[in-house]
Amino acid sequence: MITLAKTAGFCFGVDRAVSLVYELVEKGERVCTLGQIIHNNQLVADLESKGVKIINDVTECPDGYTVVIRTHGVEKNVIQKADELGIHYINATCPFVQKIHRIVSEQENGTVTLIAGDENHPEVMGIRSYCKGESYVFKNDTELLNILEKLKNHDVNSLICVSQTTFSLKEWKKCEKILKKLYTNCKIYSTICNATADRQEEAQALSQSSDAMIVIGGKHSSNTCKLSDVCKPNADTFLIETASELKDIDLSKYNSIGVTAGASTPSVIIKEVLKTMSEEIIEKEVEVAATAAETADTAEKAPKAAVKASADGEATFEELLEESFREDENSKVVTGTVVNITPTEVFVDVEGRKQTGVIALDDLSAEPISNPSEVVAIGDKLNLVIMKTDDSEGVLKLSKKLVDAFQGWEDIVAAKESDEILEGAVTAVVKGGVIVVAKGSRVFIPASQTGVPRNQELDILKGATVRFKVIDVNPARRRAVGSIKVVANEEKKAQQEALWATLEEGMKITGTVKSLTSYGAFVDIGGMDGMIHISELSWNRIKHPSEVVNVGDAVEVTIKKLDDETKKISLGFKKIEDNPWEILKRDYPVGTDCKATIVGISAFGAFANIIPGIDGLIHISQISWERVKTPADVLNVGDEVDVRIVEIDFDKKRVSLSMKERIEKPEEVIEELADASEEVAEEAVEEAVEEAVEEAADAE
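Description of the structure in this document.

Conventions used here
- Residues numbered from 1 in each chain as written.
- Predicted model: local features only at pLDDT ≥ 70, side-chain atom pairs only at ≥ 80, totals over all residues.
- Heavy atoms only, no water.
- Helix = DSSP H or I, 4+ residues; strand = E, 2+ residues; numbered from the N terminus.
- Buried < 20%, exposed > 50% of the residue type's maximum accessible area, 1.4 Å probe, protein only.
- Contact = heavy atoms within 4.5 Å.
- Areas by Shrake-Rupley, 256 points an atom, 1.4 Å probe, with all protein chains shown as cover.
- Pairing = 2+ DSSP bridges.
- Axes fitted to C-alpha atoms, helices over the stretch in contact; angles between N-to-C directions.
- Parallel < 35°, antiparallel > 145°, perpendicular 65-115°, else oblique.
- Left-handed = near helix turned anticlockwise from the far one by under 90°.
- Nonpolar A, V, L, I, M, F, W, Y, C, P; charged D, E, K, R; others polar.
- Arc of directions from axis to C-beta.
- Polar contact = N/O pair within 3.5 Å; in protein donor to acceptor, adjacent residues only side chain to side chain.
- Patch = residues over 30% accessible without salt bridge, like charges linked within 9 Å, V, L, I, M, F, W, Y side chains within 5 Å.
- Salt bridge = Lys/Arg side-chain N within 4 Å of Asp/Glu carboxyl O.
- Phe/Tyr/Trp six-rings, centres within 6.5 Å; stacked < 30°, edge-to-face > 60°.
- Lys NZ or Arg CZ within 6 Å of the ring centre and 35° of its normal.
- Lys, Arg positive; Asp, Glu negative; His and termini not counted.

**Observations concerning the overall build of the protein chain**
- A tally of helices and strands in the protein chain yields 15 helices and 32 strands.
- Among the 700 residues that make up the protein chain, the fraction classed as buried is 41%.
- In the protein chain, of all internal contacts separated by at least 6 residues, the share reaching a separation of at least 24 is 63%.
- When the accessible surface of the protein chain is split by element, carbon and sulfur atoms take 48% of a total near 38600 Å².

Pasting the structure below:
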């Protein structure tokens, strides 16, 4: 039994870089890569055959070429040199590696950085170039302990630890435990790529249940070598680069063999290895089939009913195929040449037959077609199943669809084993799901696996081309079950991981409001959801988010917090320029006259709204030049009044207002003030005279 690991093959970063190079080549651009784009000799050789050059320094870039920076990343000075020389380059460094660059470069000067990895690996060399202080590299717990012993003699104020994205998860956990015990102030960043961690964990589990493990990938690839190391303690493990190396390995003594592959191993190489491993099994099946055929030839043949054409597809393929081969001697697989095509039928000359062969439109293809010419052309040689011999009309009713289904069934089973993504057209909506045709075979997709919400009709999928995986097969009945949802979820997860690696706190980003709750708004920022708390939606107090935003709105938000553990994103929406206190400082300085609305009344004064979000106090003494017993005697909530801003305390967020400063002083008030001034003056003169007399008496 051969079992392929689900996580085998290209990771997101590698797929992104390789696809980028191939796209540039297809566009006719001249490309060179700074070192090997990935550690896989076969893929690199294919790119070289397409004209892609490999250079070791940016200064070697020929005129008119675009340099692609490899997935492992490069040292900081390499990018700086390319910028200085004006060399056109595209940075294909994996986002997860770029995240490590940001982590180490954002530390304080003098920070000591510990890096778990291979010091000679390009990724680690690149990481070290971004460190602001001393950096040390270790590949296991022993080397880490040696480094920590040396650091005892250093005055280390700040210490952090990161890891190469492809570092051994098992080794990392041991080192992490040591750091937490010996250096409690060390900031530890778990930067092993999720794809690497998942691949290592699955390889370990698969090796524990297998007699042998085949690990496919470059022998110089770090992540591939780590997979081999993970498997070796549990099973006989063989690291190979191509299928040709299998000839030197005796796999016949193993009952169960697990297969995994590094993140830089192309799927075509994985398939070639699986095919080569399966050849011996296939040969045995062929021998058994031949023996069965010889036995059948000597058996007595009983008359059987002819196969009936099935436009509605209710009969299973197994039933139709079995009937066709159990029929009389005139019913079997034949070869025919297309001699004529009409809008509804195809006519063929059948080898060894005198009757005319006819293929109805419904029996031509499992996929929906409107004209036979979409599938066949005059002169085409086709393998066909005789469905019915009509002697009265002298014709053979044939089916190409059944042969296609038979040939495609093996591909469907293989796709289930390899976890391959298939593509097919939705041809029908049936009870409980939809039917998708791929490789000539019908695959049932349950409603729960379509990705269509429960409150929506499945009819929206009819006629659409969808991507899916086969999640179950029934060989006895030749039935397959698929899932569109699984592919969508995997693609969404990969998209989210890629997006997460690019996010930073403080970053401004545009998103779409997805849903509203009583406590905030959820915003889609490109595959992940972040939440704007209701307090972050407006500077004014609001009762519900719908007062500010609606579902479907495009909004610019600021990332306030990223939680690496829960993957939760907190967003901010309020803009500093909309802060009412900033508006007040800019447009309403002390001495400004303006309108205000009374919003509250108390025993000592009234509160008036100046601008949205800011209320000021009109003290009872500032309401009128005349004596006011209580503010309620002269003011009501809702009154609009003229006020003057007399004082602002920005620290305490307080504003003092005056109504009487906007009113001309009455004459009697002025006279009272004048009389009061004269009395004060007379009293001052009398006091001065008395003091002078006393001083004179003292002098005598």
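**Observations concerning the sheet that holds strand β21 (residues 465–474)**
- The 5 strands lie next to each other as β18-β19-β20-β22-β21, forming a closed barrel whose pairing is mixed. Strand-to-strand, the axes of this sheet are offset by a mean angle of 50°, without reference to chain direction.
- Relative to strand β20 (residues 441–446), strand β19 (residues 433–438) runs antiparallel, the two being bridged by 6 bridges. Bridging from a neighbouring strand, I435 pairs with F444 of β20.
- Contacting β18 (421–430), β19, β20, β21 and β22 (479–483), helix α12 (residues 401–418) crosses the sheet at an angle of about 85° to β21.

**Thoughts on the sheet that holds strand β6 (residues 112–116)**
- The parallel open sheet is built from 4 strands, whose spatial order is β7-β6-β8-β9. With partners counted over all chains shown, the strands left at the sheet margins are β7 (135–138) and β9 (187–188), one partner each.
- Seen against the sheet, helix α4 (residues 95–105) touches β6 and β8 (159–163) and runs at an angle of roughly 175° to β8.

**With respect to the packing of α4 against helix α5 (residues 122–129)**
- Two numbers describe how α4 lies on α5: the axes approach to 8 Å, and their chain directions differ by 30°. Relative to α5, the element α4 is oriented roughly parallel. Read as a crossing pair, α4 and α5 show a hand that is right-handed. On α5, the residues that touch V97, I100, H101 and V104 of α4 are E123, G126 and I127.
- Among the residues forming the contact of α4 with α5, the class breakdown is 4 nonpolar, 2 polar and 1 charged.

**Topic: helix α6 (residues 141–151)**
- The set of residues buried in α6 consists of L144, I147, L148 and L151. Buried residues of α6 fall within an arc of 100° about the axis and therefore sit on the same side.
- Taken together, the buried residues of α6 touch β6, β7, β8 and α7 (169–182).
- Near the N-terminus of α6, the side chain that reaches the backbone nitrogen of T142, with its oxygen 3.2 Å away, is that of N140.

**Quick look at the pairing of strand β26 (residues 554–563)**
- Alignment of strand β23 (residues 508–517) against β26, held across 5 bridges, turns out to be antiparallel. Looking across to β26, one finds that K508 is bridged to T558.
- As paired strands, β26 and strand β27 (residues 568–572) are joined by 5 bridges and run antiparallel to one another. Counterpart to L562 in the pairing with β27 is I569.
- Following β26, the chain reverses through 4 residues before pairing antiparallel with β27; K567 in that reversal takes a positive phi of roughly 60°.

**Comments concerning a nonpolar patch on the surface**
- Residues V599, F604 and F607 make up a contiguous nonpolar surface patch of about 250 Å² in total accessible area.
- Relative to the assigned elements, F604 resides in the loop between β28 (593–602) and β29 (605–611).
- Classification of F604 by relative accessible area gives partly exposed; the value is 42%.

**With respect to the pattern of salt bridges**
- Enumeration over the complete set of coordinates arrives at 20 salt bridges.
- In this structure, E490 and K469 form a salt bridge, with 2.7 Å as the shortest nitrogen-oxygen distance. With E490 in helix α13 (residues 484–502) and K469 in strand β21, the pair connects residues that are 21 residues apart, well separated along the chain.
- By relative accessible area, K469 is classed as buried at 5%.
- In this structure, the salt-bridge partner of E536 is K560, at a minimum N-O distance of 3.8 Å. Of this pair, E536 sits in the loop between β25 (529–533) and β26 while K560 sits in strand β26, and the two are 24 residues apart along the sequence.
- E536 sits in the buried class, given a relative accessible area of 19%.

**A word on the packing of aromatic side chains**
- Taken as a whole and judged by the stated rule, the model has 4 aromatic pairs.
- When the centroid spacing of 6.4 Å and the interplanar angle of 85° are considered together, the rings of Y519 and F522 count as edge-to-face.
- In this arrangement the basic side chain of K653 is found over the ring face of W581, its NZ or CZ atom lying 5.6 Å from the centre.
- For the cation-ring pair, K660 lies above W625, with the distance from its terminal atom to the ring centre recorded as 4.7 Å.

**A few points about the packing of α4 against α13**
- Interaxial distance between α4 and α13 falls to 8 Å at its minimum, and their mutual angle equals 20°. When the axis of α4 is compared with that of α13, the two are roughly parallel. The way α4 lies across α13 gives a crossing that is left-handed. Residues P95, F96, K99 and R102 of α4 lie in contact with α13, whose contacting residues are E497, A498, W500, A501 and T502.
- Along the lines of polarity and charge, the residues of the contact of α4 with α13 split into 5 nonpolar, 1 polar and 3 charged.

**Details of the side chain of R70**
- Structurally, the position occupied by R70 is in the loop between β4 (66–69) and α3 (76–85).
- In this structure, R70 is buried with no salt-bridge partner, the nearest side chain bearing the opposite charge being E75 at 6.7 Å.
- Leave out the neighbours within four places in its chain, and R70 touches L34, G35, Q36, I37, A92, T93 and P122.

**Thoughts on unusual backbone geometry**
- Non-glycine residue D419 carries a positive phi angle of around 60°.
- Position of D419 among the secondary structure elements: in the loop between α12 and β18.

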